[in-house]
Amino acid sequence: MGIKKLESDFYLRTNVLQITSELIGKFLVTNIDGQLTSGMIIEAEAYNGVIDKASHAYGGKRTKRNEIIYADGGTSYVYLCYGIHHLFNVVTNKKDTPHAILIRGVVPVDGIDAILERRMQDTVSKKTASGPGTLSVALGINTSHSGLSLDDNQIWLEDRGIVFKKKDILTSPRIGVDYAGEDAKLPYRFRLNEDIIKDFYKK
DNA sequence: ATACCGATTAACT
DNA sequence: GTTAATCGGTATA
């Protein structure tokens, strides 16, 4: 057991689907604005680089915004969606192989007071950090954090020894990527069984 | 300079 | 189940 910060050997691997499944049960931790906050990852989606029509890097496209996806694994990629929502991604694989994982939901764990203040809520519920936009608000993440190394002391991931059974990690098509044609159907979304998630909110 | 649109959310019925 | 809100990024000229 114990707490182990994930290092580049974890992020530099080539199988983004494998890494995405392993992220369920890991902890996303931030130390932003003097507040230490964290959440356990319960949902994430894989974006498989230049061959994935749903990826910002499809076809090898490079723009000022998506340039970060081409960085080495272990880098934070945060971008603005619908003009309002800051979506946090983990870049994986080696430099110039633009794999990324969108973190879509966490269960709040550390710094609950700060999280509730940021979300302007009184109590923790499933709504506090269960979407890609809301978890960024909860943990204080915004586009200014894009390009940061996850080895930095502002945003990082931890393994706290929690392991779920394979059957409790469900796969399904990704959300909001209908424009990606055939690739919209790929089972690249990973999430924890709802019954197990409920137990974490009871604690 | 201008036009289009999205890896979403919250508040509805 | 439906839908309005909202604006930076991107492409096109």
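Scroll up a little and you will see the structure.
Reading the values: the criteria
Residues numbered from 1 in each chain as written. Chains lettered and ligands numbered in written order. Predicted model: local features only at pLDDT ≥ 70, side-chain atom pairs only at ≥ 80, totals over all residues. Heavy atoms only, no water. Helix = DSSP H or I, 4+ residues; strand = E, 2+ residues; numbered from the N terminus. Rg over C-alpha atoms; globule rule 2.2 N^0.38 Å. Buried < 20%, exposed > 50% of the residue type's maximum accessible area, 1.4 Å probe, protein only. Contact = heavy atoms within 4.5 Å. Areas by Shrake-Rupley, 256 points an atom, 1.4 Å probe, with all protein chains shown as cover. Lys, Arg positive; Asp, Glu negative; His and termini not counted. Charge placed at Lys NZ, Arg CZ, Asp CG, Glu CD. Salt bridge = Lys/Arg side-chain N within 4 Å of Asp/Glu carboxyl O. Core = buried A, V, L, I, M, F, W, Y, C linked by side-chain atoms within 4.5 Å. Near = heavy atom within 4 Å. Polar contact = N/O pair within 3.5 Å; in protein donor to acceptor, adjacent residues only side chain to side chain. Nonpolar A, V, L, I, M, F, W, Y, C, P; charged D, E, K, R; others polar. Pairing = 2+ DSSP bridges.

(A) Looking closely at the overall build of chain A. Broken down by element type, chain A carries five helices and nine strands. In sequence order, the secondary structure elements of chain A are arranged as β-α-α-β-β-β-β-β-α-α-β-β-β-α. Taken over C-alpha atoms, the radius of gyration comes to 16 Å for chain A, in line with the 17 Å a tight globule of 203 residues would show. Reported as C-alpha extents along the three principal axes, the dimensions of chain A are approximately 45 × 35 × 35 Å. Residue burial in chain A is summarised as follows: out of 203 residues, 50% are buried. Taking contacts inside chain A between residues at least 6 apart in sequence as the whole, the part at least 24 apart equals 61%. Total accessible area on chain A stands at roughly 10,000 Å², and carbon and sulfur atoms take up 53% of it. One finds the centroid of the 27 positive side-chain charges in chain A at a distance of 4 Å from the centroid of its 25 negative side-chain charges.

(B) Seen up close, the pattern of salt bridges. Tallied over the full model, the rule gives 14 salt bridges. Measuring nitrogen to oxygen at the nearest pair gives 2.8 Å for the salt bridge that ties Arg104 to Glu43. On the criterion of sequence distance, the pair formed by Arg104 in strand E6 (residues 99-108) and Glu43 in strand E3 (residues 35-48) is long-range, its members being 61 residues apart. Like Arg104, the residue Glu43 is buried in the burial classification. A salt bridge links Asp52 to Arg174, with the shortest nitrogen-to-oxygen separation between them at 2.7 Å. Linking Asp52 in the loop between E3 and strand E4 (75-81) with Arg174 in the loop between strand E8 (169-172) and strand E9 (189-192), this pair joins segments that are 122 residues apart in sequence. Judged by relative accessible area, which is 4%, Arg174 ranks as buried. If you follow the salt bridges from partner to partner, you end up with Glu43, Glu45, Arg104 and Arg189 in one network.

(C) How the structure looks around the nonpolar core. Of all hydrophobic cores here, the largest spans 40 residues; its most connected members are Leu28, Phe88, Ile103, Ile141, Leu157 and Leu192. Looking at this core element by element, the count peaks at five residues for E3. Apart from residues no more than four positions distant in its own chain, Ile103 is found in contact with Leu23, Leu28, Ile41, Glu43, Ala44, Phe88, Val90, Pro132 and Leu135. Core analysis: the next-biggest nonpolar cluster, separate from the first, contains 15 residues, Tyr70, Cys81, Leu102 and Val177 among them.

(D) Examining the protein's contact with DNA strand C more closely. Every residue close to DNA strand C is listed here: Lys61, Thr63, Arg65, Leu80, Tyr82, Gly83 and Ile84. Each atom of DNA strand C within 4 Å of the protein belongs either to a base or to sugar and phosphate, the latter forming 83%. Between DNA strand C and Thr63 there is a distance of 2.5 Å, counted from a phosphate oxygen to a side-chain nitrogen or oxygen. For DNA strand C, a base oxygen lies 3.1 Å from a polar atom in the backbone of Tyr82. In terms of residue class, the surface near DNA strand C is built from three nonpolar, two polar and two charged.

(E) Inspection of the protein's contact with DNA strand B at higher detail. Not every one of the 20 residues close to DNA strand B is listed here, only the nearest: Tyr79, His85, Asn89, Gly133 and Tyr179. A breakdown of the atoms of DNA strand B within 4 Å of the protein gives sugar and phosphate a share of 50%. One of the backbone nitrogen or oxygen atoms of Gly83 is found 3.1 Å away from a base nitrogen of DNA strand B. Measuring from a phosphate oxygen of DNA strand B, one finds a side-chain N or O atom of Tyr179 at 2.7 Å. Among the elements of the structure, strand E5 (85-92), E6 and helix H4 (132-139) are those that each provide at least two residues to the surface near DNA strand B.

(F) Local environment of the pairing of E4. The buried fraction of E4 is high, at six of seven residues. Sheet analysis places E4 next to E5, joined by seven bridges and oriented antiparallel. In the sheet register, Cys81 faces E5, and the bridge partner there is His85. Hairpin remark: E4 followed by E5, antiparallel, with three residues in the connecting loop; positive phi at Tyr82, about 55°.

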